[in-house]
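# A look at the structure
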Amino acid sequence: MYSGLLKNRPVGISASFGKPGVSSVHSNKDSQTTAEGGQSETIEPFEIGFRTLFDQNPIAMWIFDACTLDFIAVNDAACALYGFSRDQLLSKNILDLYVPEERAAAYQEIIGSAGVLNPDHRSLKVRADGTRIRVLRFARPTRYRNRDCVVVWNIDITEREQASIELKSTQIFLDAVVESIPSMVFVKDARDGRFVLLNKAGEDLLGVSRHDLIGKSDFDLFDAEDARRFRLADQAVVASGKLVCIDNEPLSTPGGVRSLRTQKVGVPDVDGQPRYLLGISEDVTEKLQIEERSRHLALHDILTDLPNRLKFQNILDREMERKVPQSQDFALILLDLDRFKAVNDRLGHHAGDQLLRLVAKRMQSQLGKHDIVARLGGDEFGVIHKGRISKDTAAQLARRLIAAVIEPFNIEGQMVSVGCSAGIALRSHHGSSADALMKRADLALYAAKSTGRGDYVWFELEMEEKADHLRLLRDELSMALANKELFLEYQPIVNTQSGRTETFEALLRWAHPRRGLISPAEFIPVAESSGLISAIGKWVLEQACAEAATWPAHVNVAVNLSPLQFNGFALAADVIRALERSRLPPQRLELEITESVFLTDTQDNIGTLHHLKQLGISIALDDFGTGYSSLAYLRRFPFDKLKIDRSFITDLTASPENLAIVRAIIGLGKSFGAIVTAEGVETKEQFDCLALEGCVQAQGYWMARPMSAERAIAWQANMTARPVQPPRFAKKR
């Protein structure tokens, strides 16, 4: 099979066999002569011992012919290692067991070695099933049965070599892992504290090469105080035998002081004695800064950097828990800016934000050493006035804060003025808990804003009683609609010239089951502040339209709208739905609004009014003359009717000023093509005066008080037959 290799074997390879010092199992001088005159094989005691050692050896062994390289003898261990039977192996050549790619090199090695093969040689062999094994080989030349041979010992090192490879791979892997860890990994000698390992992240953090650090201790790297601290900590870790975590450990580095989170553990030797200290240090400086920033943002207003409501509440809670003498009392002052929304609407939210920042700075400038100011949200601020305080010092501080805010602000080159109102509550007098004190200061603030603004008000017990009453009223009002406690009354509006009824104004009433009739002046503000006005207003529209649909075709119905009902297209949809369900023509519906409708979302509200007017609905401006900008609204929207406020009618016949105002309004109405209606007409003299001045309509107790829907039908029938008699001298102007 391998003749191409064997025929080129150098002549004389066997000459080396039999040289002094080369072992032989057969001696020429001990040979016997056969009958044919040749020498017969002599088996001596030495060979018998060799054969016994050979066959029973646990190491795989074989003997091959030095010339032909054919197997001469194999032991059981060799058969087991290679998976062949003895006969199969004896039929093979030594090169048959080499992998094909190593056979030529193996042949050259064998013929050039004179039988003494390199004992460290590792060769790749093939077993009977084709699997490959790595073999460590030892060989020596010998004489066996009068032939030059080579005896070979084979040691299977496949698993050992694989384990070595895996160990190296594991070492490479672990080195790669340690290097790729973004935290500093270090190992120190537990006995003297000298570094034995440092990864790349450690080099970057410490600003030192690992080659310069290995073999040195903390005392070579850090100042004596830090080094001593680290060394003592390391010794404590090693002594504990446990994993120890050290948070926020300061470390001076070339980049400044860093905060580390370090985990350390002692690593014992095979005898269980302390040998190394393994540590992993994570640089948490930025993380701590972010956490601190997050905590700050959670407790501070992002716009002004003042404490926010949460932190203010926490401080207030702590102050309430402190047991201090009355001389160390504190006051809670709540402040709210006046006319702030107007600044936002006129200059935009960016200017509003800048104004809030400036207000915050001014308030801080007025505080005492122990005072705390916070922005509670929107344009509301809170102050805790503490130290050696009294009602007088709290009042003085409130006045200073209000005065500071009243001074004009320069916002983007424009001078802006806002006001400020304040409510004050004193701990020792007004609050047993933080919540109670906040509530009472808030009630005082509400009272301050209700009484003209620009001032401060102390909490009084009557405020809480009123608030409790309103809260109860709100709860009961929320059920009034479902319980059918609400109903409508109608007050006629008559023509001053013909005396006939032209419109009925729908007026909402509440019949409380226990307290009787409750004034609209009392419950309508509650409905508006609680959000109930939308549902109630929708019901009023539907009820008024349904009842007006049964009246004569020439009689209209007027319905008052709250400014809070203006919420986009929902109002228009409610009006259209009420007209469709009742089949009332749009021309018979009048909607009365006040100028407060224009104070918020002006363009949207005007758009809604135009949409309603296009449907044929009449729009009336109620309480005309009492607002500060009514004339401006006449220019912005074509009202169908102006209703003169009752305050100008009361002294109409006795007050030349009131008469002048009424004349001016009547003139305006004619100029703008709007009907003018006078409210609160309670005497014939007032009615006659209005008719004489040319006021088209009148409404009041002199004609009729509000009445039920049933009475309104009878009233209409009666007034058709007997209208209100206008004065004989009445004439249109």
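Predicted model only: the values in this text are computed from it and were never measured.

Before going further, it helps to spend a moment on the layout of surface pockets. Volume-wise, the largest pocket comes out at about 940 Å³. Glu505, Leu507, Pro520, Ile524 and Asn560 are the residues nearest the centre of the largest pocket, which is lined by 36 residues in total. For the lining of the largest pocket, the secondary structure elements donating two or more residues are strand S21 (501–512), helix H19 (520–530), helix H20 (533–548), strand S24 (589–593) and strand S25 (618–624). Considered class by class, the residues forming the lining of the largest pocket number 15 nonpolar, 11 polar and 10 charged. Along the wall of the second largest pocket there are 21 residues; nearest its centre are Leu443, Tyr446, Lys466, Ala467 and Leu470. Those elements giving two or more residues to the lining of the second largest pocket turn out to be helix H17 (434–450), helix H18 (461–480) and H19. Looking at the lining of the second largest pocket, the element that brings in the most residues is H17, giving eight residues. Of the residues assigned to the lining of the second largest pocket, the class counts are 10 nonpolar, two polar and nine charged.

Moving on, we get to the side chain of Asn154. Mapped onto the elements, Asn154 comes out in strand S7 (residues 148–156). Reaching out from Asn154, the side chain makes a polar contact with the side chain of Tyr82 at a distance of 3.5 Å. In contact with Asn154, other than residues within four places in its own chain, are Ile59, Ala60, Met61, Trp62, Leu81, Tyr82, Lys125, Val135 and Leu136.

Looking now at the side chain of Gln716. Mapped onto the secondary structure, Gln716 falls in helix H26 (residues 709–721). Since its relative accessible area comes to 4%, Gln716 is described here as buried.

Moving on, we get to unusual backbone geometry. Even without being a glycine, Asn248 presents a positive backbone phi close to 55°. Here Asn248 lies in strand S10 (residues 244–253). The class for Asn248 is partly exposed, based on a relative accessible area of 44%. Phi is positive for Asp623, which is not a glycine, with a value near 55°.

Quick look at the sheet that holds strand S18 (residues 419–426) now. Pairing between the strands of a sheet is mediated by backbone hydrogen bonds and can be parallel or antiparallel. The sheet built from five strands is open, its strands ordered S14-S15-S13-S18-S19 with mixed pairing. Both outer strands of the open sheet, strand S14 (372–377) and strand S19 (456–458), are each paired with one neighbouring strand and no more. Along the sheet, successive strands turn relative to each other by an average axial angle of 20°, direction set aside. The pairing of S14 with strand S15 (residues 380–385) spans five bridges and is antiparallel. Residue pairing in the sheet places Val373 in a bridge with Val383 of S15.

What counts, and where the lines are drawn
Residues numbered from 1 in each chain as written. Predicted model: local features only at pLDDT ≥ 70, side-chain atom pairs only at ≥ 80, totals over all residues. Heavy atoms only, no water. 1 Å grid on protein atoms, 1.4 Å probe; cavity = no way out; pocket = protein on both sides within 12 Å on 5 of 7 lines; lining within 4 Å. Points joined across faces, edges and corners; volume = space filled by probe spheres on them. Helix = DSSP H or I, 4+ residues; strand = E, 2+ residues; numbered from the N terminus. Nonpolar A, V, L, I, M, F, W, Y, C, P; charged D, E, K, R; others polar. Polar contact = N/O pair within 3.5 Å; in protein donor to acceptor, adjacent residues only side chain to side chain. Contact = heavy atoms within 4.5 Å. Buried < 20%, exposed > 50% of the residue type's maximum accessible area, 1.4 Å probe, protein only. Pairing = 2+ DSSP bridges. Axes fitted to C-alpha atoms, helices over the stretch in contact; angles between N-to-C directions.

Interpretation note: all reported values are geometric properties and have no functional meaning in isolation.
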